[in-house]
Every structure is written in C-alpha cells, then in structure tokens.
Amino acid sequence: MRIPRIHVPAALSAGDVLQLPEQAGEHLARVLRLESGHPLILFNGDGGEYDARLAALSKRAVTAEVLARRDVSRESPLVLTLVQGVARGEKMDWILQKATELGVARIVPVVTERTEVRLDEDRAGKRLTHWTSVVAAACEQCGRNTLPEVLAPQKLMNWCASLGAADTAARFALLPEADTGPRDIGALPQGAILLVGPEGGLSDHDVAIARNAGFRGLRLGPRILRTETAGLAAIAALQAIAGDFV
C-alpha cells in the first residue's frame, strides 16, 4: 500500500508524538483502516518530509510518532506565479489543485471587472482558508513538501500597483488576440507571472491595467480556452520550455 502523506501545520522533529489533523486521522482510521505502526510521511511546508508511524488510533484522536527528517525537494527551478481571476465554486478549487500539482510557487486570486464572485471581508477570509486547505491536500497527493503561497483575494488594480521594479519575473496576460506564443518566449531565468481572467475573460479595462504594469499578451493557440483550462495549459507549456517537465 502507498504510504500516506499528511500535511501537519506544526513544527516537527524526531521523537515527537503528535495528534494528526482530524480529517486526516479519520481518513486513516475509518477509510484506510490502518493499524498502529503503519508508516506515514508527514510534512509541514519547511521543505523536507518526515518519516513517521501511526502511534495510536481511537475515536477521539489519531496520533503519530515522528522518526526522522529527510531533505526532499520536488520544486520546479522555474518560479511561477499564477494570478487568477476568481472563478466560481469548484472551478476555483480545481484551478488551485492542478496549479499546485503543476508546480506553481504562488497563487494570487484577483477580482477583475468581469468577476462574478462577490467577496466581502468575511467571505474572503473563509475562501482563503478553504483555498489553503485545497493546496495542502494537493501537496499531499503530488509529493510537494513546500506549499505554494496563496494570497488573500484582492482587486487586480491593487495587486498590479503593488508590483515593484525589483520583481523582475516576466509578466504575461493570457489573451486570445496576442501575437506571442509560448515557443516565442525563450529563457525565463527570473521566473514568470501569468495573469488569467475569470469566466468572462479580461475586459479592456483589465488589459489596460495589466499592460500598464508591464504585462505582455500571451496566446495559447487558435481556440478560446475556459478559465479553468487556460492558466493550467500555460503553466504546463512554460514548465516544458523552461521548468522541470523534461
């Protein structure tokens, strides 16, 4: 059986015996029906992973003993930031999950002129908590030990205004009418930032904001891609050209 990987948002060190997160514990005990002594892999986002074993299982708690730390990095050498127009419900979850699997380093949810999701301060906070859990679960599945940073949702104009000259990553906005394709890009030694519109795409006003912030248009073939497809396709293309898809 595959050794379960579990994200634990806490400091870890050899010899620790700790209670696993409730959802993970229930999955190990009730779904997988594992027994004490079964091997586990724990990670907390510090870049390494920890060999562990199940210590005890009960109705109230499932505990694990940490055995040893290993330095294991599965991060791409290409540092990618996905700036995603907030999409509805499960579409956004899908985008975050797959972007994590594809190796992005940072995800910035933005509100654009055509964003259909309305987030007040309370709802935005709940969404961020949920999105962070989606990313952690994706890391459990794909083997990453470093969680991509997920920023709080914000207006596109505000985020673009926060970009400084010190951020030298190449900046691309996915636009069907653009002339540049992935094969025209070449090397990306400082990484890249990808801006993707929501379901309705980027408006002319959004595009003007992006261009003013130094974004160039990037075209992915002759077909119009949905928001849950476009960014992921671009990430995969850039990973194949300048990342770790070899």
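See the structure above.
Below, the structure is looked at part by part. Every value quoted in this text rests on a predicted model; they were computed, and no experiment measured them. Throughout this document, residue positions are counted from 1 along each chain, in the order its sequence is written. The predicted nature of this model means local features are confined to residues of pLDDT at least 70 and side-chain atom pairs, given and counted, to a pLDDT of 80 or more, with totals for whole chains, interfaces and linings taken over all residues. The basis for every side-chain value is the complete set of heavy atoms in the structure, and neither hydrogens nor water enter the calculation.

Looking at the overall build of the chain
Argument step 1. Assigned secondary structure in the chain consists of 6 helices and 12 strands.
Argument step 2. Along the longest, intermediate and shortest principal axes, the C-alpha atoms of the chain span 60 × 40 × 35 Å.
Argument step 3. When a residue's accessible area, from a 1.4 Å probe over protein chains only, is under 20% of the maximum for its type it is buried; when over 50% it is exposed; and in between it is partly exposed. In the chain, which comprises 246 residues, the proportion classed as buried is 46%.
Argument step 4. A fraction of 70% describes how many contacts in the chain between residues 6 or more apart in sequence connect residues 24 or more apart. Each helix is a run of H or I in the DSSP string that is no shorter than four residues. Each strand is a run of E no shorter than two, and both are numbered from the N terminus. Any two residues having at least one pair of non-hydrogen atoms within 4.5 Å are treated as being in contact.

Some remarks on the pattern of salt bridges
Argument step 1. The term salt bridge refers to a side-chain nitrogen of Lys or Arg lying within 4 Å of a carboxyl oxygen of Asp or Glu. One pass over the full model with this rule turns up 10 salt bridges.
Argument step 2. Residues Glu49 and Arg5 are paired through a salt bridge, measuring 2.9 Å at the closest nitrogen-oxygen approach. With a gap of 44 residues between them, Glu49 in strand β4 (residues 49–57) and Arg5 in strand β1 (residues 5–7) connect regions that are remote in the sequence. Grouping residues by exposure puts Glu49 and Arg5 together as buried.
Argument step 3. Notably, a salt bridge pairs Glu65 with Arg53, separated by 2.8 Å at the nearest N-O pair. Here Glu65, found in strand β5 (residues 62–70), pairs with Arg53, found in strand β4; they are 12 residues apart in sequence, far enough to count as distant.

Remarks on helix α3 (residues 121–142)
Argument step 1. Expected helix span is computed as 1.5 Å times (number of residues minus one). A rise of 1.5 Å per residue sets the reference length of α3, with its 22 residues, at 32 Å; its end C-alpha atoms lie 32 Å apart and thus fit the reference within 8%.
Argument step 2. Contact partners of the buried residues in α3: β1, β3 (39–43), α2 (89–101), β7 (106–111) and β8 (149–150).

Re the pairing of strand β10 (residues 170–174)
Argument step 1. Extensive coverage of β10 is indicated by the burial of 5 of its 5 residues.
Argument step 2. What you see with β10 is no split at all: Ala170, Phe172 and Leu174 on one side and Arg171 and Ala173 on the other are buried throughout.
Argument step 3. In terms of strand pairing, β10 meets strand β11 (residues 192–196) through 4 bridges, oriented parallel. Residue pairing in the sheet places Phe172 in a bridge with Leu194 of β11.
Argument step 4. Pairing geometry for β10 and strand β12 (residues 216–218), over 3 bridges, is parallel. Looking across to β12, one finds that Phe172 is bridged to Arg216. Only strands that DSSP links by at least two bridges are regarded as paired with each other.

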